[in-house]
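# A structural walkthrough
One-letter residues, chain by chain:
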Amino acid sequence: MSTVSKAIFTKLVAPNKEKLLKLEQLQCQVFRTTFNPHKLKTGAKILSAPLKGQTLANYYGPTDFPSIAKMAKALSTPSFTVINEPEQYRVERVEDLKRRGKGSPKKIREASSGGKGKKKK
């Protein structure tokens, strides 16, 4: 190295923190980014990412897609009935369980006066 380059390197001094912060703030204004001097997590990465909702909605298809029950109701007329096989199977199964005594218990209409509801003293 020459003596001129040595003189230049010896005179270079690192800038102080205040000047670096001002420079960073100016950069943020120019490039329209957020100024975050303390380097805290802000969630800007997530907020600036493209939204995923429409992509997921398109993957799963329309939510107003007609069900079998809706189609049966729409197409049924007095002379033509549409049979909903899954629902018919479910109803027959529930009736069979009730006949064998395995169905859901009946709802209690009024509070019983028996010992179950009383508090112990």
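Structure report, in brief. Small disclaimer: the values here were computed from a predicted structure and weren't measured. (Residues numbered from 1 in each chain as written. Predicted model: local features only at pLDDT ≥ 70, side-chain atom pairs only at ≥ 80, totals over all residues. Heavy atoms only, no water.)

## Observations regarding unusual backbone geometry
We count it as follows: Helix numbering and strand numbering both begin at the N terminus, where a helix is a DSSP run of H or I of at least 4 residues and a strand a DSSP run of E of at least 2. Burial classification: accessible surface area is computed with a 1.4 Å probe over protein chains only, and a residue below 20% of its type maximum counts as buried, one above 50% as exposed, and the rest as partly exposed.
Phi is positive for Arg32, which is not a glycine, with a value near 55°. Along the chain, the position of Arg32 falls in the loop between helix H2 (17-31) and helix H3 (44-48). Arg32 gets classed as exposed once you look at its relative accessible area, which sits at 79%. Look at Lys39: it is not a glycine, yet its phi comes out positive at around 60°. With respect to the secondary-structure elements, Lys39 resides in the loop between H2 and H3.

## Regarding the side chain of Asn36
Put simply, the test is: Here a polar contact is recorded for every N or O atom pair within 3.5 Å, except that within protein the pair must consist of a potential hydrogen donor and a potential acceptor, and residues adjacent in sequence are included only if both atoms are side-chain atoms. Residue contacts are counted whenever heavy atoms from the two residues lie within 4.5 Å of one another.
Within the secondary structure, Asn36 is located in the loop between H2 and H3. Within the structure, Asn36 has its side chain in polar contact with the backbone oxygen of Leu40 (distance 2.6 Å). Ignoring any residue separated from it by four or fewer positions in sequence, one finds Asn36 in contact with Glu24 and Thr42.

## A look at the pattern of salt bridges
For clarity, the cut-off: Each salt bridge in this description consists of a side-chain nitrogen of Lys or Arg and a carboxyl oxygen of Asp or Glu lying within 4 Å of one another.
Counted under the stated rule, the structure contains four salt bridges. Glu24 is the partner of Lys39 in a salt bridge, and the nearest nitrogen-oxygen pair spans 2.9 Å. Of this pair, Lys39 sits in the loop between H2 and H3 while Glu24 is found in helix H2, placing the two residues 15 residues apart along the sequence. With a relative accessible area of 58%, Lys39 lands in the exposed category. Residue Glu24 is classed as partly exposed on the basis of its relative accessible area, which comes to 22%.

Note that every value here comes from positions in space, so none of it alone points to a role or purpose.
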